[in-house]
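Overview (structure and organization)
These are the residues of each chain, in order.
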Amino acid sequence: MTVRITKPEINIREKFSQLDRDTSVAMGGGLAVGGTVTEYISGGKTYRVHSFTTNSEFALIGTKSVDFLVLAGGGGSAAAEGQQGASGGAGAGGMVVGSKQLLRSGNYPIVVGAGGAKSTNVSVMGGSGGNSSFNEFIASAGGAGPDYGSDGGAGGSGGGGAEPGRAAGASNQNSYITHTNVTGFGNAGGSGGAYVGGGSGGGGGAGGAGTASNGTVAAGGVGLANNFRTGSNVTYARGGNGVSAGGSNSSDEGANTGNGAHGVATTSGNNTNSGNGGSGLVVIRYVV
């Protein structure tokens, strides 16, 4: 059973004495401030959470073992051109998850990546997302969704390839394999198909690669669940779907999801109903 306790946001510039007065809690090894502060009880432990949805700073006095999630912004998708063209699904933002990481006193800059901008110009790819970072760990921006005739953009997860037969974008997310209890997640997109009607590939997700074109909807790579923010699993960083001729529209992805936007298809003239990628997120939690 998870019990969630919400506390008001604490400004990073407030004094630690103000933090102690407002929350009446020391960390048990340090005092911390920054972001939106919440608490929940899970597995018999009380967790304090600092969530960041914009660029900020996490400040710590003392030492503490923390878990963290760093999520980059997902890519935006492109418009579809011609009579039966299809643009590729955008890649999800890269995702870095760490546990039992010892932090020492200091100020830790927080960067939260924006979602990639959609393109309504049929000759221009969507935008890549923005990188997110904490404590020198970087989640790489989601790959751009390509316009007709372009390869999927490389990124934390790569964009799916567009028609006709364009290559998928690769993942450039650092896996952090040499770091104990830290893992970076990202995958490639799926390749595009032949014109006419082959369709585009899906963008990669944190939990799997995008599906190659198949003449219908090519699913974006699945996201990855994490429970650090609320105590309940939330799935982040899903890749955008690839599509085929049939007049498919995209839409904007939700804030702080890291999702890549879906591709766009047309059966009659240009279709500029593309979508923005989901913005990123940084979460830090510890036991109190």
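Structure: see above.
Every chain is numbered independently, its residues counted from 1 as its sequence is written. pLDDT decides what is reported in this predicted model: residues at 70 or higher carry local features, side-chain atom pairs at 80 or more are listed and counted, and totals for whole chains, interfaces and linings draw on all residues regardless. Note: side-chain values were computed over all heavy atoms of the structure, leaving out hydrogens and water.

Here the focus is the nonpolar core. Only buried residues count toward a nonpolar core, which is a set of Ala, Val, Leu, Ile, Met, Phe, Trp, Tyr and Cys residues joined through side-chain atoms within 4.5 Å. The cut-offs for exposure are 20% and 50% of the maximum accessible area for each residue type, with area from a 1.4 Å probe on protein chains only; residues under the lower value are buried, those over the upper are exposed, and the others partly exposed. Of all hydrophobic cores here, the largest spans 21 residues; its most connected members are Phe58, Phe68, Val96, Ile110, Phe134, Val282 and Ile284. Residue assignment for this core shows that the elements contributing at least two residues are β5 (56-62), β6 (64-71), β7 (95-103), β8 (106-111), β10 (137-139) and β14 (281-287). Note on definitions: a residue-residue contact is assigned when non-hydrogen atoms from the two residues lie within 4.5 Å. In this structure isoleucine 110 touches Phe52, Thr54, Asn55, Ser56, Glu57, Phe58, Ser133, Phe134, Val282 and Ile284, once residues within four positions along its chain are discounted. By size, the runner-up hydrophobic cluster in this structure holds 14 residues, among which are Tyr40, Leu69, Ala206 and Ala237. Helix numbers and strand numbers start at the N terminus; a helix is a DSSP run of H or I with at least 4 residues, a strand a run of E with at least 2.

Let us look at the pairing of β14. Burial runs high along β14: six of the seven residues are buried. Strands pair, by our definition, only if DSSP identifies at least two bridges between them. With six bridges joining them, strand β4 (residues 45-52) and β14 adopt antiparallel strand pairing. When the sheet's bridge partners are listed, valine 49 is paired in β14 with arginine 285. Bridge count between β6 and β14: five bridges; the pairing is antiparallel. Note that in β14 the partner of leucine 71 across the bridge is leucine 281.

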